[in-house]
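Overview (structure and organization)
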Amino acid sequence: MGNKSIFNIDAFKGALKDGLARPNKFLVSLPDGNTIANDNKTFKGRESKVSNDLPNKPNLTWLCRSCSLPINQTLTSERLIGMKQEKITYGYAQSDVILSFYEPNTWPIRKYFQTWQDTQVNQDTQELNFKYGTASQPGYAKDVRIFAMDTTGKATYGVLLIDAFPTTLNAQEFSNENNGIVDTTITLTYTRYQTLAVGYAPTASKVNLDFENGLDEFVQGQANARLLREVNKATGLSTSTFI
């Protein structure tokens, strides 16, 4: 006689008590436009007219139409043990992340990423900027966060792209189609990524622009709690704070 629990519809429904993940519930947190503009001005020594009125973080979040989570691949090699071959791990590889945006008539998204790319290399002077920079000369690498949300607006999964920067800005083709819209696609590379602790539920709508500010504070608080836990572990103390 088989295991009845395998075919129990209530058990199946219980496994889905939190609902199914939806691909259209996501949030991307990019550096603010003023940050990119100021870094570009510091690097080039002058203010660029293109960098005026770059989009802020909430607008970047609203205009992002699609994104991808990074691929994490374990690299293996064959090892012969006796007569049997086995795979062993020797490293890992991570993929670039692709973001796609709706482009308003003033082209703020393309200007934003062009300015960010111009902060990496000055094409007029052929000068390269530092990736990490210093206190007086900010680098072009910035942290980017991607969150998966549930239907209530609660973050249920998130990744932190550490030291990310744009590498490829897509070509834009024009045509005589009446109903076409411009879609700006950017490829981000990064040093590595971390999975973020989640559980933040906004107290206000994103329309009020409070969501990202609260989420920033929540993530920073979780990071501080993680650091405290590591310190306590090293010193033999205990803490009830968890991530």
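As shown above, the structure is provided for reference.
Starting from 1, residues in each chain are numbered consecutively following that chain's sequence as written. For this predicted model, a pLDDT threshold of at least 70 governs which residues receive local features, and a threshold of 80 or more governs which side-chain atom pairs are given and counted, while totals over whole chains, interfaces and linings are taken from all residues. In computing side-chain values, all of the structure's heavy atoms are included and hydrogens and water are not.

**Concerning the pairing of strand S10 (residues 183-189)**
For S10, the buried fraction is high: five of the seven residues fall into the buried class. What makes two strands pair is DSSP finding at least two bridges between them. Put simply, DSSP marks the helices as runs of H or I at least four residues long and the strands as runs of E at least two long, and each gets a number from the N terminus on. Judged from the six bridges that link them, strand S5 (residues 97-102) and S10 form a sheet pairing that is antiparallel. Pairing of valine 97 across the sheet is with leucine 188, part of S10. Where strand S9 (residues 155-169) and S10 come together, four bridges link them in antiparallel fashion. When the sheet's bridge partners are listed, leucine 169 is paired in S10 with isoleucine 186. Per-residue accessibility, obtained with a 1.4 Å probe over protein chains only, is compared with the maximum for each type, and a residue is labelled buried under 20%, exposed over 50%, and partly exposed between these values.

**With respect to unusual backbone geometry**
One non-glycine residue, tryptophan 107, adopts positive backbone phi at about 55 degrees. Mapped onto the elements of the fold, tryptophan 107 is located in the loop between S5 and helix H4 (108-118). By relative accessible area, which is 27% here, tryptophan 107 ends up partly exposed. Residues other than glycine seldom take positive phi values, yet glutamine 126 does so here, at roughly 60 degrees. Here glutamine 126 shows up in the loop between strand S6 (121-122) and strand S7 (127-128).

**Considering the side chain of threonine 184**
Relative to the assigned elements, threonine 184 resides in strand S10. Relative accessible area serves as the criterion here: at 0%, threonine 184 is assigned to the buried category. Leave out the neighbours within four places in its chain, and threonine 184 touches Leu99, Ser100, Phe101, Glu103, Ile109, Arg110, Leu169 and Asn170. Any two residues whose heavy atoms approach within 4.5 Å are treated as being in contact.

**Let's talk about H4**
In terms of residue burial, H4 counts as a mostly covered element, since eight of its 11 residues are buried. Listed in full, the buried residues belonging to H4 are Pro108, Ile109, Arg110, Tyr112, Phe113, Thr115, Trp116 and Gln117.

**Focus: the pattern of salt bridges**
A pair is scored as a salt bridge if a Lys or Arg side-chain nitrogen falls within 4 Å of a carboxyl oxygen belonging to Asp or Glu. By the definition in use, this model includes four salt bridges. Aspartate 124 is the partner of arginine 46 in a salt bridge, and the nearest nitrogen-oxygen pair spans 3.3 Å. Note that arginine 46 is positioned in the loop between helix H2 (33-44) and helix H3 (57-63) and aspartate 124 in the loop between S6 and S7, a separation of 78 residues in sequence. A relative accessible area of 42% places arginine 46 in the partly exposed class. Glutamate 86 is paired through a salt bridge with lysine 84; the nearest N and O atoms lie 3.5 Å apart.

**Some details on the packing of aromatic side chains**
Aromatic rings from Phe, Tyr and Trp, with only the six-membered ring used for Trp, were paired whenever their centres fell within 6.5 Å, and each pair was classed as stacked if the ring planes differed by under 30 degrees, edge-to-face if by over 60, and tilted otherwise. Considering all chains together, one arrives at seven aromatic pairs under this definition. Note on tyrosine 112 and phenylalanine 113: the rings are 4.9 Å apart at their centroids and 90 degrees apart in plane angle, and the pair reads as edge-to-face. Residue tyrosine 112 is classed as buried on the basis of its relative accessible area, which comes to 0%. Ring geometry for tyrosine 140 and phenylalanine 165: centres 5.1 Å apart, planes at 80 degrees, overall edge-to-face. Highlighted residues: tyrosine 140 in the loop between S7 and strand S8 (142-149) and phenylalanine 165 in strand S9, separated in sequence by 25 residues.

**Focus on a nonpolar patch on the surface**
There is a patch of nonpolar side chains on the surface, built from Ile9, Phe12, Leu16 and Leu20 and spanning about 420 Å² of accessible area. With respect to the secondary-structure elements, phenylalanine 12 resides in helix H1 (residues 9-15). By relative accessible area, phenylalanine 12 is classed as exposed at 51%. Patches were defined on residues exceeding 30% relative accessible area and lacking a salt bridge, with like-charge contacts within 9 Å and nonpolar side-chain contacts (Val, Leu, Ile, Met, Phe, Trp, Tyr) within 5 Å. Using the Shrake-Rupley algorithm and a 1.4 Å probe, accessible areas are obtained, with residue cover drawn only from the displayed protein chains.

The quantities given are spatial measurements derived from coordinates; they are silent on function.
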